[in-house]
Amino acid sequence: MRPLKFRLRILPLLLLGLGLATAAVPLVGRDAFAQDQQPSQPPQQAEQLPRQVEQPPQLANGLLDAAVADLNKAKKEYGSIQDSAKQAGADDEALVALSGQVDVLNRSVAAISTRLKPRSAEIDARLTQLGAAPKEGQPPEAVIVTQERDRLNAERKQISAVSLDADNLTAETNRLSMQLMETRRRLFTETLLKRTEVSAGTFQDAASALVDEGVEFRDAVTSWIGFVLKAKFASFLAAVCLSIGAALIFLFGGYRLFRRYYVQDEAIENPPYISRLSVAFWSTLIRTLSLVAFLVTSFFFLSNFNVLRPDIAPILGAFFGFIGLVYFVGRLTNAVFAPFRPHWRLVKLSNKGARSLSWCLQAMAVVNGLDYVFDRISESMGSPVVVTVVKSFFAALLIGLILIAASFGSPMLAKNGDPDAPGRRWPHGMAIILRVLGALVIFISFIGYVGLARFMATQMIVTSAVIATMYLGFQLGKAVSKQGVFAETIIGRLLENRLKLGDVALDQGGLIAGLATYAVALLTGIPLILLSWGFHIQDLELIAYRLFTEIRIGNISISLLGICAGILLFAGGYLITRWFQRWLDSNVMARGQVDLGVRNSVRTGIGYLGVAVAAIIAISAAGIDLSSLALVASALSVGIGFGLQNIVSNFVSGLILLVERPFKVGDWIVSGTSEGIVKRISVRATEIETFRKQSIIVPNSELINASVGNWTHRNRLARSEIPVSVSFESDPQKVMEILLDLVRGVPKVLRNPEPHVEFLRFGPSSLDFEMRFYLSDLSDGMDIRNSLRIQILKRFREEGISIPYPHQELHIVRDGKRSRQMDAAGSKLTDSADGPEEEREDIAEPVVSQREEQVQEAKSAARRRGRTAAE
C-alpha cells in the first residue's frame, strides 16, 4: 500500500512537470496536447507557466467558425427559397427550379454536420484519455488537465449545438421539399381534373377567337421572318449550316456505323426471329435518336445565335417535338408491323391488317402532335383558354373514333398463314378493350374533362409506343442471351474472327450483350415515360443523382458510384496482389533458393493479406461503415463463448473451402465413407450426391480436418484397369498383344500416356494380367471397361484362349501302414490348372488295388464340389 500511496502523491507533480515541459517547446515543434490548448490562460495557470508566444487561431476553432458561417448562409438561403415558394403559386417551372435549389441546400447542410464529426470523435477520444475528474476525497489532478478537460467539453458543446442546428435545418429543407412536391402534385391533379363546360356557345367563342389567333400568328411569323432577313440573316445561315452538319453527322454517320444492324435485307427470304428483333429495335432506336439529336442541335444553335424570339421559340420547339413524335411512331410501326415486308414482320398480321394498323397509329400520333403544336401557338399568341379547350376536345374525339374504328377491323393473320389472304378479326378481349378506351376518351371529353381526355390520348400513344420499344429490347436481349445464339450474330462472328474467341467466351459475351440491351432499353424508355407523365428534366437529374450517390436504407447510406468504385479498387488490389506474389516468388525467393514449402507458405500468406486489405479498402470506398462489422465480430465472439464453436468452425471451414477450392461443385471426391459428386458448397456444410442418388450433407470442418480424395481436382484425366486371367497353356505374349490391340482400337483411350498390359503373377490356377489405359474423362470408364470385357471374351474364344476358374481336387490315399496316417490327416485340398494333375511325392504311392474304386469315386466327388464352389 505504501508504494501505491507514494505513486499517487508523485502523480500530480509528474503531470505538472509534463505541462511545464510542453509549454516550453517552441511553436513549430509543439505536440498535439499543446495544439488543443487555448491562447488565453486563467490567472493561476499564467503564474505557473512561462510566458508563451502568441498563437494563431486553433484548427478546431477555425473549423467551427467556418461551419457556423456556412450554417448562417444556408439559413438565409433557406429563407429566400421559402419566400420564392410562396410567390411561385401555380408556376410548375418555378417550383421545379426551387426543388432543385432545396436539394442542393440540403446536401450542403448535411455536409456541415459531416465536417464536424471527425473533430467530435477526436474530442471524445481525448476526453477518454484524460479520464473523469477526481471525485471528492481523491488526490487532486494537475490544473492544466482540468483546464484541458473543461476546454474540450466546452468545444464539444459548441459542436453539438451547431450539429443540432444543422440537423434542424436539414429537417426543414426536407419538409420544404415535400411541400414543393405536394404542390406540384396538386397542380397536376387540378389541371387534369379541371372541368370546362362544352356547349354551342363554347364552340362559337372558340371559332371567333381562333380567327383572331390565326391573324396574330400570321403577323408574328411574318414579322419574325422579316427580322431574320434584315438583322439575323448571317446568324440564321450559320445556325442552319451547323444544323445541317449535325444532321449529316447523326444520320449518315449512324447509317454507316449501324447499317448492318438495322437495315432489312430484301435478299433474306425467311430471316430468323432474332434478326427481325434486332432490326426492329435498333432501327427504331438509332434512327429516332439521330433525328432527335438533329432537332435538339438545331433548336440549340438557333437559340444561341439569338435568331428565335420569345414568342416564336416555344412554337418552333413544339413543332420539332411534333416531328420527333410522328417519326418515332412511324419507325416503330414500320419495324413491328412491316406493312410491305411480311417476312420481316414481328406479329402475326395480314398485309392489309398491318397497313391499316400502321395508318391508325400514325394518324393518332399526327392528331396528338398537332394538338400540342396548336396549344403552344395559343399560349404564345395569348389566346383565351376556350381555344385550347376546343382544340383538345376535337383531338380527343378523333383519337377515340380511330380506336373504335380499329376495333372493327380484321387484321389477324389467316389460318393458312398466307399474309395476302383476308385476315381474321381481333380476339374478342382485344376488340372490347379498344372500344372501351375509345368510348371512354369521347365520353370524358363530352362531360367537360378535356384535359384528362387529352392526357389519356397522349399516354395511349406515347407511353404505348415507348413500352412497345422497350419490350422489343427485352425480347432482343433475351434472345441474344440464349446459349449459342450470340455466336451466330454479326458481332459474334466478328469477335470470333478478330479475337479468336472460343464457344465459352462467346457465350459469356452473349450474356453481356443481352444485359447491355436490357440496360439500353431501360435507360432510354423509363426517362421518356416519366417525361410524358409530367416529370421535368430537373426531376430526372435529381432522381439519377440520388440513385447513384445516396440510397438510404434506415440509417445506412449506399452509393452505387461508391460500390462501383469499391469493386474497381478491389479488382485492382487483387491484381496487384497476384502480380506481387508472382514477382516475389520468381525474382526473390527463387533466386535465394528458398525451400518450396516456405515459398508456398509466403505466397499464400501474402495472397490472403492482399485480398483482405483490398476488401477493407473496397468496403470503405463503398461507404459501408466498418464499425458495423466490428459489432458483428463482437457478437460472434460472444456466441462462440456460449457454445457456437462447432458452427463457427464449420463457417470458417466453409470460407476456407470456398477460397482455397480443394474441390468444387461437380468434382468426384472420396471422404471417409462418402463418395460421390459435389452438388453444393455452403458456408456450413457440403452436399455430396452418391451414385445411388443419395444426398449426404457433410459438415465443412470434417472435410478440412480429414483426408479428401478428389478424382477431378486438376482435370478429369484418370487411369482405368481391367484384370484378365488365362489358363497356364496360353501364350503370354499373344495374350498381351491381343489385349493391346483391343484397347488401342477404342477412340476415347488416350495415346499419351500409352496403354499397356502388365503380366502380374502366376496365380494358383491362372496366369494373371492387367490391362491399364488412360481416359480424358473418368466418367467414361465404366462404359469403356464394359465394352472391352465383351471384346476380350469374344476374341479369346476366337483365338482358343480359355479363361480358367479356380477349382479344388480331393485326393484320398489309403495304403496299408499309411491308412491310419491318412485317416488321421483327413483330406488334402489342392488347386489345379486345366493341365495334368500334380501330386505331391508323399501322395504318389502305390495304391491298394482293392481300394482303387473307392479312391476314384472320392476324386470325382471332390471335383464336383470344387466346380460348384468356383461357380
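J.: Would you mind going over the sheet that holds strand β10 (residues 767-775) with me for this structure?
T.: To summarise the sheet geometry, strands pair through backbone hydrogen bonds and adopt either a parallel or an antiparallel arrangement. The 3 strands are arranged β8-β10-β9 in an open sheet whose pairing can be described as antiparallel. Unpaired on one side and paired on the other, β8 (718-726) and β9 (756-762) mark the two borders of the sheet. On average, each strand axis in the sheet is inclined to that of its neighbour by 25°, with strand direction left out of account. Direction of pairing for β9 relative to β10: antiparallel, over a ladder of 6 bridges. Directly across from Val757, in β10, lies its bridge partner Met771. On top of the sheet, helix α23 (residues 732-744) reaches β8, β9 and β10; it is set at about 25° to β10, its chief contact. Most of the contacts of helix α24 (residues 781-799) go to β8, to which it runs at about 25°, and overall it touches β8 and β10.

J.: Help me understand the packing of helix α5 (residues 92-130) against helix α6 (residues 143-192) in this model?
T.: Helix packing for two helices is described by the angle between their axes and how far apart those axes are. The geometry of α5 relative to α6 is characterised by a closest axis approach of 8 Å and an angle of 160° between their N-to-C directions. For the element pair α5 / α6, the angle class is roughly antiparallel. Pair α5 / α6 crosses with left-handed handedness. Taken together, the residues of the contact of α5 with α6 break down into 20 nonpolar, 11 polar and 10 charged.

J.: Whenever I open this one, the side chain of Thr458 confuses me. Can you help?
T.: Relative to the helices and strands, Thr458 resides in helix α14 (residues 450-481). Side chain to side chain, Thr458 and Asn368 meet in a polar contact 2.7 Å long. Once residues within four sequence positions are removed from consideration, Thr458 is found in contact with Asn368 and Thr463.

J.: Looking at this structure, I do not really get the layout of surface pockets. What am I missing?
T.: Empty pockets left among the atoms are what a rolling probe the size of a water molecule brings to light. The calculated volume of the second largest pocket comes to roughly 940 Å³. Lining the second largest pocket are 32 residues, with Phe337, Leu361, Met430, Ser464 and Ala468 positioned closest to its centre. Per element, the largest residue contribution to the lining of the second largest pocket is 9 residues, and it comes from α14. Looking at the lining of the second largest pocket residue by residue, the class counts come to 28 nonpolar, 3 polar and 1 charged.

J.: Hey, could you run me through unusual backbone geometry in this one?
T.: The phi angle of most residues is negative, glycine excepted, and most peptide bonds adopt the trans form. With an omega of 5°, the peptide bond running from Asn752 to Pro753 counts as cis. With respect to the secondary-structure elements, Pro753 resides in the loop between α23 and β9. At Ala338, a position not held by glycine, the phi torsion is positive, near 45°. Residue position: Ala338 is located in the loop between α10 (313-337) and α11 (351-381).

J.: Would you mind showing me how to read the packing of aromatic side chains here?
T.: We describe a pair of aromatic rings using the distance from one ring centre to the other and the angle between the two ring planes. Scanning the entire structure with this criterion turns up 14 aromatic pairs. Residues Phe301 and Phe305 carry aromatic rings whose centres are separated by 6.5 Å and whose planes lie at 20° to one another, so their mutual orientation is stacked. Counting every residue linked through ring pairs, the aromatic cluster contains Phe203, Phe393, Phe394 and Phe446. The cationic tip of Arg435 hangs over the ring face of Phe408; the distance from NZ or CZ to the ring centre is 4.2 Å.

J.: What should I look at first to understand the pairing of β8 in this one?
T.: Regular strands place their side chains on alternate faces of the sheet. Because side chains alternate across β8, one face comprises the buried residues Ala718, Ser720, Ile722, Val724 and Val726, and the other comprises Arg719, Glu721, Pro723 and Ser725, none of which is buried. Where β8 and β10 come together, 9 bridges link them in antiparallel fashion. Among the inter-strand pairings, Ala718 is bridged to a residue of β10, identified as Leu775.

J.: Which parts of the structure should I look at to understand helix α21 (residues 645-660)?
T.: The α-helix advances 3.6 residues per turn, and as a result positions three or four apart in sequence lie on the same side. With 16 residues, α21 should reach 22 Å at 1.5 Å per residue; the first-to-last C-alpha distance of 22 Å fits that figure. Those residues of α21 not exposed but buried are Asn650, Ser653, Gly654 and Leu657. Take α21 and look down its axis: the buried residues cluster within an arc of 105°, on one side only. Of the surrounding secondary structure, the elements contacted by the buried residues of α21 are β5 (685-689), β6 (695-699) and α22 (700-705).

J.: What is the right way to read the sheet that holds β5 from this model?
T.: A sheet is described by the order of its strands in space; here 5 strands give the open sequence β6-β5-β4-β3-β7, paired in antiparallel fashion. The two strands at the open ends of the sheet, each matched to only one other strand, are β6 and β7 (709-710). Pairing of strand β3 (residues 668-671) with strand β4 (residues 674-681) involves 4 bridges; the strand directions are antiparallel. Counted as the bridge partner of Ser671 is Ser674 from β4.

Thresholds applied
Residues numbered from 1 in each chain as written. Predicted model: local features only at pLDDT ≥ 70, side-chain atom pairs only at ≥ 80, totals over all residues. Heavy atoms only, no water. Pairing = 2+ DSSP bridges. Helix = DSSP H or I, 4+ residues; strand = E, 2+ residues; numbered from the N terminus. Axes fitted to C-alpha atoms, helices over the stretch in contact; angles between N-to-C directions. Contact = heavy atoms within 4.5 Å. Parallel < 35°, antiparallel > 145°, perpendicular 65-115°, else oblique. Left-handed = near helix turned anticlockwise from the far one by under 90°. Nonpolar A, V, L, I, M, F, W, Y, C, P; charged D, E, K, R; others polar. Polar contact = N/O pair within 3.5 Å; in protein donor to acceptor, adjacent residues only side chain to side chain. 1 Å grid on protein atoms, 1.4 Å probe; cavity = no way out; pocket = protein on both sides within 12 Å on 5 of 7 lines; lining within 4 Å. Points joined across faces, edges and corners; volume = space filled by probe spheres on them. Phe/Tyr/Trp six-rings, centres within 6.5 Å; stacked < 30°, edge-to-face > 60°. Lys NZ or Arg CZ within 6 Å of the ring centre and 35° of its normal. Buried < 20%, exposed > 50% of the residue type's maximum accessible area, 1.4 Å probe, protein only. Expected span 1.5 Å × (residues − 1). Arc of directions from axis to C-beta.

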